[in-house]
Amino acid sequence: MSYKTIVGLEIHVELSTVTKAFCSCENTFGGEPNTRVCPVCLALPGAMPVLNENVLNYTLMAALALNCTINKESKFDRKNYFYPDLTKGFQITQNDRPIAVEGHLTIDTDNGPKDIGIYQIQMEEDTGKSLHGDNETLIDYNRCGVPLIEIVSKPDMASGKEGRAFLENLRNTLKFIGVSDVKMEEGSLRCDVNVNVKDELTGKKTAVTEVKNLNSFRAVEKAIDFEVARHIALLENGEDELRTTRRWDDVNGQTVLMRVKYTQADYRFQPEGDLVPVVIDDAYIETIRAQLPELPADKKARFISAYNLSEYDAAVLTSSVQLAEFFESVAAKFDDANMVSNWIMTEVLRRVEDTEDNFEVPFEADDFVELLNFVKSGKINNNAGKKVLREMFESKAKPADIIEDKGLLQVSDDSAIGVWVDEVLKDNPQSIEDIKGGKDRAMGFLVGQVMKKSKGKANPGLVNKLLQEKIQKM
Ligand SMILES: [Zn+2]
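Structural notes, computed from the coordinates. Here the structure is a predicted model, which means the values were calculated and not measured. (Residues numbered from 1 in each chain as written. Predicted model: local features only at pLDDT ≥ 70, side-chain atom pairs only at ≥ 80, totals over all residues. Heavy atoms only, no water.)

## A look at the pairing of strand S5 (residues 90-93)
As a reminder of what qualifies: A simple rule labels every residue: compare its accessible area, found with a 1.4 Å probe on the protein chains alone, to the largest value its type can have, and call it buried under 20%, exposed over 50%, or partly exposed in between. By definition, any uninterrupted DSSP run of H or I lasting at least four residues is a helix, any uninterrupted run of E lasting at least two residues is a strand, and each is numbered from the N terminus. Two strands pair if DSSP finds at least two bridges between them.
The alternating pattern of S5 places Phe-90 and Ile-92 on one face and Gln-91 and Thr-93 on the opposite face, and all of these are buried. Sheet topology places strand S4 (residues 77-80) next to S5; four bridges connect them, and they run antiparallel. Its bridge partner being in S5, Arg-78 is matched across the sheet by Ile-92.

Below, the structure is given as structure tokens:
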């Protein structure tokens, strides 16, 4: 039997504007409950919403970065439903005429690049938060009215891996353009997945399952794969199922039924009469387009061609804006881009926690250039270079000072190294026999001994050369 997996994603992203969507309350995460609320976001009688211009601008940036067509006229609607953290009794959203439609984002798959379609992007507002205790439920309304965009993908993904790749790529793109901090753990990036499976022989499909509120990339991938297996079993057993909403149980690695899914009709959509339609022209759209920075995919392609980097290195170095900027500012002042890339990819990144999110080093690009120059010119050897870098992270001192302080200048003087080599050869007659007998490993041991004697300062190439010469003459 052959099955086609059909996966679509619905993603909610909180925009990082200074103020909320329809009022001037501060838009930040956390804080004392119910301290950032006003009559508008609490929906007190008579309060009128006004669209925050930056919410529109940020949404347009996201829509353009995701290759969408912008609707010159869009409007807001009320999505009616009752929930304690929704003070109005409805949520302001865009239903039938959203701000943007028909976009796409390209992901890398095992079979090469693949375009994942985007149906639409709509502006909406977030709701408050319920905090469930043992005997009570407390409600924090700070999040009411926080601006959201909902991004609805087409069902173009065919596996958990592709779903994850799409979400990661989307997150990286939104982070690059600076419209959201896209933190899944703080809820500024939230993902629901829709999954069903089609029997390619009979054409029979399962009903779509929605898995809500996945809070990590890993959970997205696992939940999709779990649902695909479950749907195939449903088809094979000839079972039908209503459209359901499920949640992911990370502990047991499975999805759990929450409810039979609401349909559009359950929400009684109606136009939001307090907000005027959003009307924009081409000139406005072009002004926003001009503000977009270079997008991650373009930056990666440019890094490959301009700096001759590998696909993998370019992908890592463009995984965050700060990391890419650091690489470029160093590469601009140092003529060996591959050496810059290698040092960042290994020595720097291993010392920087969570490279994707907050790439931050405690020194300037110029200090790093200085360190690379010391290594490249042979004034210090590679190992000493690593020591200097560690010290730059710890004490924040300048490379030249660290080198002087620790006496790390490389010794490249034949006579000085010759003395150490002679001593080591004298102490290790067995190793000399071994080398003469063809055991190459003994050579590494002798080099190590000389390096040790020099306290790491000897030029390893010269040590090797002198050892070879002297042993040959023995
Ligand atoms: Zn407010």
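This is not the end of the story, as more comes after the structure.
## Some words on the side chain of Asn-142
Note the following rule: Residues count as neighbours in contact if any of their non-hydrogen atoms are within 4.5 Å of one another.
In this structure, Asn-142 sits in the loop between strand S9 (137-140) and strand S10 (147-153). The contacts of Asn-142, once residues within four sequence positions are left out, are Lys-20, Gly-30, Gly-31, Glu-32, Pro-33, Asn-34, Thr-35, Arg-36 and Val-37.

## Here's the deal with the nonpolar core
Applicable threshold: The definition of a nonpolar core used throughout is a set of buried Ala, Val, Leu, Ile, Met, Phe, Trp, Tyr and Cys residues joined through side-chain atoms within 4.5 Å.
If you look at the biggest cluster of nonpolar residues, it comprises 70 residues, and the most contacted ones within it are Ile-11, Ile-151 and Leu-167. Sort the elements by how many residues they give to this core and helix H2 (residues 53-65) lands first, with eight residues. Setting aside residues no more than four positions away along its own chain, Ile-11 makes contact with Ile-149, Glu-150, Ile-151, Phe-166, Leu-167, Leu-170, Leu-189, Arg-190 and Cys-191. With 41 residues, the next largest nonpolar core counts Ala-314, Met-339, Leu-389 and Phe-393 among its residues.

## Digging into the coordination of the zinc ion
Put simply, the test is: In this listing, donors mean N, O and S atoms no farther than 2.8 Å from the metal, or 3.2 Å for Na, K and Ca; water is missing from the atoms, so a site can look incomplete. In these descriptions, tetrahedral denotes four donors with every angle between 85 and 135 degrees, square planar four donors and octahedral six donors with opposite donors over 155 degrees apart and the rest between 65 and 115, and irregular any other case.
For the zinc ion, the protein coordination sphere consists of Cys-23 (SG), Cys-25 (SG), Cys-38 (SG) and Cys-41 (SG), at 2.3 to 2.4 Å. Geometry at the zinc ion is tetrahedral, judged from the four donor atoms that bind it and their angles of 100 to 115 degrees at the metal. Sequence positions of the donors to the zinc ion reduce to the motif C-x1-C-x12-C-x2-C. Within this pair, whereas Cys-23 is found in the loop between strand S1 (3-14) and helix H1 (39-42), its partner Cys-41 is found in helix H1, the two being separated by 18 residues in sequence. On the accessibility criterion, Cys-41 (5% relative accessible area) is buried.

## As for helix H4 (residues 217-236)
Put simply, the test is: To estimate the expected span of a helix, subtract one from its residue number and multiply by 1.5 Å.
Over its 20 residues, H4 extends 29 Å from the first C-alpha to the last, a length consistent with the 28 Å expected when each residue adds 1.5 Å. Of the residues making up H4, those classed as buried are Phe-217, Ala-219, Val-220, Ala-223, Ile-224, Glu-227, Val-228, Arg-230, His-231, Leu-234 and Leu-235. Of the surrounding secondary structure, the elements contacted by the buried residues of H4 are S1, helix H3 (160-177), strand S11 (189-199), strand S12 (209-214), strand S13 (244-249) and strand S14 (254-260). Backbone geometry just downstream of H4 places Gly-238 in the positive-phi region, at approximately 65 degrees.

## Notes on the packing of helix H14 (residues 429-436) against helix H15 (residues 441-453)
What counts, and what does not: Lines fitted to C-alpha atoms define the axes here, with helix axes fitted over just the stretch in contact, and angles between the N-to-C directions of these axes take values from 0 to 180 degrees. Helix crossings fall into two classes, left-handed where the near helix is turned counterclockwise from the far one by less than a right angle and right-handed where it is turned clockwise. Here the nonpolar group is Ala, Val, Leu, Ile, Met, Phe, Trp, Tyr, Cys and Pro; Asp, Glu, Lys and Arg are the charged ones; every other residue, Gly included, is treated as polar.
Interhelical geometry of H14 versus H15 gives an angle of 145 degrees and a closest axis separation of 8 Å. Handedness of the H14/H15 crossing: left-handed. Judged by residue contacts, Ser-431, Asp-434 and Ile-435 of H14 engage Ala-442, Met-443, Phe-445 and Leu-446 from H15. Along the lines of polarity and charge, the residues of the contact of H14 with H15 split into five nonpolar, one polar and one charged.

## Structural notes on the packing of aromatic side chains
Put simply, the rule is: Between rings of Phe, Tyr and Trp, where Trp is taken as its six-membered ring, a pair exists when centres lie within 6.5 Å; planes separated by under 30 degrees are stacked, by over 60 edge-to-face, and by other angles tilted.
Tallied over the full model, the rule gives twelve aromatic pairs. Ring geometry for Tyr-307 and Phe-327: centres 5.0 Å apart, planes at 85 degrees, overall edge-to-face. Separated by 20 residues along the polypeptide, Tyr-307 in helix H6 (residues 296-307) and Phe-327 in helix H8 (residues 321-331) bring together distant segments of the chain. You can call Tyr-307 buried: its relative accessible area is 18%. Under the relative-accessibility criterion, Phe-327 is labelled buried at 0%. Put simply, the rings of Phe-326, Phe-359, Phe-363, Phe-368 and Phe-393 touch in pairs and so form one group of aromatic residues.

## Focus: the pairing of S10
Judged by how many residues are buried, S10 sits mostly within the fold: seven of seven residues are covered. The two faces of S10 match: Pro-147, Ile-149, Ile-151 and Ser-153 on one face and Leu-148, Glu-150 and Val-152 on the other face are all buried. For S1 and S10, the ladder comprises five bridges, and the chain directions are antiparallel. Along S10, the bridge assignment pairs Ile-11 with Ile-151. With seven bridges joining them, strand S7 (residues 112-125) and S10 adopt antiparallel strand pairing. In the sheet register, Gln-122 faces S10, and the bridge partner there is Glu-150.

## Let's talk about unusual backbone geometry
In terms of backbone geometry, most residues other than glycine have negative phi values and most peptide bonds are trans. Backbone geometry places Ala-43, a non-glycine residue, at a positive phi of 60 degrees. Within the secondary structure layout, Ala-43 lies in the loop between H1 and H2. Of note in this structure, Arg-268 is not a glycine but carries a positive phi near 45 degrees. With relative accessibility at 56%, the residue Arg-268 sits in the exposed group.

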